[in-house]
Structures are given as structure tokens and as C-alpha cells.
Amino acid sequence: MKNFTFVIIDDNPKNRLKTKAVAESFQNMSFLAMADNYDDGIDVVLEFLPDIVFLEIDPQEPDSKLSLGFINELHRYLSVMPKIIVTTTNDTHCLQSYKYGVFDYLINPIEAKELRKSIFRLDKEGIKGSSSSSAGNVLPPSLFIADVPKVETVITEAEISTIEPISAIVQEESVLIAESEILDENSYDRELVENKINISEEVATEPKENNTTFEINGGKDKPLIICVKSYGDYRYIDAKDICYLQADNNSTDIHLNTGEMITAFKTLKHFEGVLNYPFVRIHNSYILNIDYVSRIHTGNAVCHIKNTTTKLPFSKSYKENIDTIIATIASGNYLEI
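Residues numbered from 1 in each chain as written. Predicted model: local features only at pLDDT ≥ 70, side-chain atom pairs only at ≥ 80, totals over all residues. Heavy atoms only, no water.

Visitor: How should I be thinking about the overall build of the protein in this particular structure?
Guide: Within the protein, the secondary structure is distributed over twelve helices and 15 strands. Of all 337 residues assigned to the protein, the portion counted as buried reaches 43%. For the protein, restricting intrachain contacts to residue pairs at least 6 apart in sequence, the fraction spanning at least 24 positions comes to 57%. Surface accessibility of the protein: about 19,000 Å² in total, with carbon and sulfur atoms responsible for 49%. (Helix = DSSP H or I, 4+ residues; strand = E, 2+ residues; numbered from the N terminus. Buried < 20%, exposed > 50% of the residue type's maximum accessible area, 1.4 Å probe, protein only. Contact = heavy atoms within 4.5 Å. Areas by Shrake-Rupley, 256 points an atom, 1.4 Å probe, with all protein chains shown as cover.)

Visitor: When you look at the side chain of Asp51 in this model, what are you seeing that I'm missing?
Guide: With respect to the helices and strands, the residue Asp51 is situated in the loop between α2 (38–48) and β3 (52–55). By relative accessible area, Asp51 is classed as buried at 4%. Among the polar contacts listed, one links the side chain of Asp51 to the backbone nitrogen of Thr5, at a separation of 3.0 Å. (Polar contact = N/O pair within 3.5 Å; in protein donor to acceptor, adjacent residues only side chain to side chain.)

Visitor: Is there a simple way to explain the sheet that holds strand β15 (residues 311–313) in this structure?
Guide: If you trace the three strands from one edge of the open sheet to the other, you get β13-β14-β15, paired in antiparallel fashion. Two strands lie at the open edges of the sheet, namely β13 (293–297) and β15, each paired on one side alone. Along the sheet, successive strands turn relative to each other by an average axial angle of 25 degrees, direction set aside. Note that strand β14 (residues 302–305) and β15 share three bridges and pair antiparallel. In the strand pairing of β15, Val302 is matched with Pro313. (Pairing = 2+ DSSP bridges. Axes fitted to C-alpha atoms, helices over the stretch in contact; angles between N-to-C directions.)

Visitor: How should the sheet that holds strand β8 (residues 242–248) be read in this particular structure?
Guide: Reading across from one edge, β10-β9-β8-β12-β11 is the order of the five strands in this open sheet, with antiparallel pairing throughout. Each edge of the open sheet carries a strand with a single partner, namely β10 (261–264) and β11 (279–283). Recorded for the sheet is a direction-independent mean angle of 25 degrees between the axes of neighbouring strands. Where β8 lies against strand β9 (residues 251–256), six bridges are found, and the strand directions are antiparallel. Residue pairing across strands places Ala247 opposite Thr252, the latter belonging to β9. Docked against the sheet, helix α12 (residues 319–330) engages β11 and β12 (286–289), running at close to 140 degrees with respect to β11.

Visitor: Just checking my understanding: could you explain the pairing of strand β1 (residues 4–9) for this structure?
Guide: Regular strands show a simple pattern: their side chains alternate between the two faces of the sheet. For β1, a buried count of five out of six residues is recorded, marking the element as mostly surrounded by other parts of the structure. In terms of strand pairing, β1 meets strand β2 (residues 29–35) through six bridges, oriented parallel. Looking at β2, one finds that Thr5 is bridged to Ser30. Alignment of β1 against β3, held across four bridges, turns out to be parallel. Residue Ile8 lies in a different strand from β3, and its bridge partner there is Phe54.

Geometry only, nothing functional implied.
Below, the structure written as C-alpha cells:
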């Protein structure tokens, strides 16, 4: 079975974590990044060029601006679209979504058995990425243009040399034939042609270098590094070494697995906005790295940190996040006795 990369665009933190946990339970699914609003979502897709986008189109927060219009915006920049899997709380927008060429429509919280069907359908197509998917070849309603008749005349060498840039969607077979003739007879630079015409899925799915400071699991060779800067002093911290973050008025204390504590002159709310999974807000004063959770006592409302005597309280307003942490841990390699 082929491997697929994915990003999650959803304004609901519980659904984001649930979707990630379910998707990562499949060995051929690799997480890249997530976002909680329209603008960040567009940026994430353009930076990582994922094979799959899990997209919420009926957000809890109107300010996130998530909708089917997100797909329209991607068509402005991408010649090859990722496969869009809509994830939302009901089936109200199901029919409308398929008009936009989405690959599948799943109800939140998504279930492994439903996602498994989608993954098998992806694999059955025999092509990694979106070069042959409906999301890749079907424009959303606002972008449809009239069909162009199939060109049957023979293109001469003289005509080839005066071909204007392609401005309409032509049947794939005709585009590939014209492109082949251009390459053979006029020796055009392949890279220039590939920038104008989608001729191979390898080019479309070529991974980009990870430079983002928001991505958590996407860069296996380059894990997230946090730089705490103060008056020319640059302190670099591996995000995976952070056990938890604690608010201290307008600054934040970063507690590492070595027992060291580093103060950053940013608020805890700032860190909540820029850190994704596995960092979860559990209290007005705490953000927790769930990889360092050794015990959760719901009766006493505390989380225990691995290899320490530290206990972090969690508040009722973040109880939903605690339930998500428990579900996320249980969805992995897990045995309950």
C-alpha cells in the first residue's frame, strides 16, 4: 500500500487531535502539520504540498473563515490539488462538497473504519498524490469554464514555435502530446515546461524543505527548534525536550526534561497559538507536552509528569482537552489492564 502525507485544517482542537490520532494509526499515513484558520491553512498546504488535506468546512468559530471557499483559493496557486477529505459535524454540506470535487466526506469525530475505506480508495487509484483524483481534475463551481474540443489536427514544427502559454484546461492527453513534441523538436528546458504543465506526479509531489516554526511532526530530519531570544542572546531548545510551559504574568517558564527552566518573555497565550500537537492547554497557567504524561487522575484533577514528582492541575474549562489526551494515548500502541 502506498504512503500518504496529510495536514489537518480545523478550528476545533479536540477534533484536530482526534483526526491526527486516527490517521496516524495507519502505518502509511504521515502527519505534516495542522492549522486552525483559513490563512494559516492555505500557508500550510502551499508549504508542505501534502497528499491529503482534512478540511473542516463548518467551523465553531466564524473568525476562522473555514469553508468550501478554501478549495477555491487553493486552485489559484496549485496546478495539482491534494485530495480534500471534508471533516465536519453533520452531512448538511455533503452534496455541495462533492460539487467542489472533494475526495471524501467524513463526520467528526472521524472513525477508523470510515477513514480506512478512504485510504483503500486512494491506494486503489494507483497514484500517490492528487494527479488523477477528482479533486485534482475538477474545478469548484466558481472556476468552471467551457469544455474545449479535443484537438485532432497535426501540429507542425512552425506552429509549435509560436504556441502561446496555455490559458484553458485541455484534455490531459492532448496536453501531453503537445508537450512531448515541444521537448523533442525544440529542446525546451524541461524544468521550464514543468513549471507550466503538470507532466509528472513526481514533480507535483516532490517534498519541500521544512522551514516552518509551527510544524511539529512533519520534519523528521529537522525537528522543531524553539529560539528564545533576549538582547542578542539566542537560546535554542528542542521542542521534544519540553515537558510543560507555565505562565508567569507576562512571561512563560519553559520546563525541560533535564529539570532546567528557561524564561521566555512571551505570554502563555502566545505559545498556545504557535504550538500544535503534542502541546495541549490544560489550565490557564499550563500547557502540557502529552508525551511526558505518566498519569492522569481525573478525581484529583492533576496530571503527573514522567520521571518527576511534578503534578500539574487541570481546570474544568479544559476537561475536554484532558479527555482528548486520554483518547490520543489510547489510540496508539496501548494495553489497558
